[in-house]
Amino acid sequence: MKKILILGMIIGLFFGAQAQQKTTAKASSKAETTASKSAAPSKYTGTGAEIEFEKSYVDFGTLKVGDVKVVTITFKNIGKKPLILDDVISSCDCTTVEWSKEPVMPGQKGTIKARYAAKNVGLISKRLTVLSNANTDRVILQLKGEVK
C-alpha cells in the first residue's frame, strides 16, 4: 500500500512540474511578443498619463553656508490622460519641495519648486523622487552643486 501511495505522489509531482514548465514557457513567449511590439520608434506609446521633464538635473553652482537656493523644475504631460503627482520626496531635510496638486491635463505643463538650504561645506548631491500616476511612475531628479 505504501508503495502505491509513494508512486502516486511521484507521478503527481511529475505532472505538476510539467504543468509549471508549460505555464512559464507561455508567459515567457507572451513577454517576448509584448516587448517586440513595444519597441516602436515613438518616444511614448502608452494610453495613460506620461511625464517629461525639461531637465533631470539642476546645478546650483557654488553656494556659501547659509545660502538658500530656490529652483523651479518644469514638466509636461505628454500622455493622453490627466497627470497627478502623488508625492515628491527629497533625499534630505535640507531640501523642501512644493508641486502642482491639481491634475495636469495632456499637453499642459506643471512645476516643482525645490528650496535648498546650504548647511555644510562640500559637494551637493541630492535627489528628488517624483511619484505620479504616469506610465513612468517614478522619476529621479538630481540636484548638484558645491557649498564653500
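Right above here is the structure, for reference.
Computed from a predicted model, the values in this text were never measured in an experiment.

Conventions used here
- Residues numbered from 1 in each chain as written.
- Predicted model: local features only at pLDDT ≥ 70, side-chain atom pairs only at ≥ 80, totals over all residues.
- Heavy atoms only, no water.
- Helix = DSSP H or I, 4+ residues; strand = E, 2+ residues; numbered from the N terminus.
- Buried < 20%, exposed > 50% of the residue type's maximum accessible area, 1.4 Å probe, protein only.
- Contact = heavy atoms within 4.5 Å.
- Areas by Shrake-Rupley, 256 points an atom, 1.4 Å probe, with all protein chains shown as cover.
- Pairing = 2+ DSSP bridges.
- Axes fitted to C-alpha atoms, helices over the stretch in contact; angles between N-to-C directions.
- Phe/Tyr/Trp six-rings, centres within 6.5 Å; stacked < 30°, edge-to-face > 60°.

A.B. asks: It is not clear to me how the overall build of the chain should be interpreted in this structure. Could you clarify?
C.D. replies: When you go through the chain residue by residue, the secondary structure sums to 1 helix and 8 strands. Sequence-ordered secondary structure for the chain, helices as α and strands as β, is α-β-β-β-β-β-β-β-β. Counting across all 148 residues of the chain, residues that qualify as buried make up 29%. Expressed as a percentage of contacts within the chain between residues at least 6 apart in sequence, the contacts between residues at least 24 apart total 67%. Surface summary for the chain: the accessible area is close to 10200 Å², and the carbon and sulfur share equals 56%.

A.B. asks: When you look at the sheet that holds strand β3 (residues 68-77) in this model, what are you seeing that I'm missing?
C.D. replies: Read across the open sheet, the 4 strands follow the order β1-β3-β6-β5; overall the sheet is antiparallel. The open sheet terminates on both sides in strands that have one partner only, identified here as β1 (51-53) and β5 (95-99). On average, adjacent strands in this sheet sit at an angle of 30 degrees to one another, irrespective of strand direction. In this structure, β3 lies alongside strand β6 (residues 109-117), joined through 9 bridges in antiparallel fashion. Bridging across to β6, lysine 76 finds its partner in lysine 109.

A.B. asks: Would you mind showing me how to read the packing of aromatic side chains here?
C.D. replies: What characterises a pair of aromatic rings is the spacing of the ring centres plus the angle enclosed by the ring planes. Per the counting criterion, the structure on display carries 2 aromatic pairs. When the centroid spacing of 5.8 Å and the interplanar angle of 55 degrees are considered together, the rings of phenylalanine 53 and phenylalanine 75 count as tilted. Placement of phenylalanine 53 in strand β1 and of phenylalanine 75 in strand β3 is noted, with a sequence separation of 22 residues between them. Residue phenylalanine 53 is classed as buried on the basis of its relative accessible area of 15%. Phenylalanine 75 sits in the buried class, given a relative accessible area of 1%. Both rings, one in phenylalanine 60 and one in tyrosine 116, keep their centres 5.4 Å apart while their planes meet at 20 degrees; by these two values the pair is stacked.

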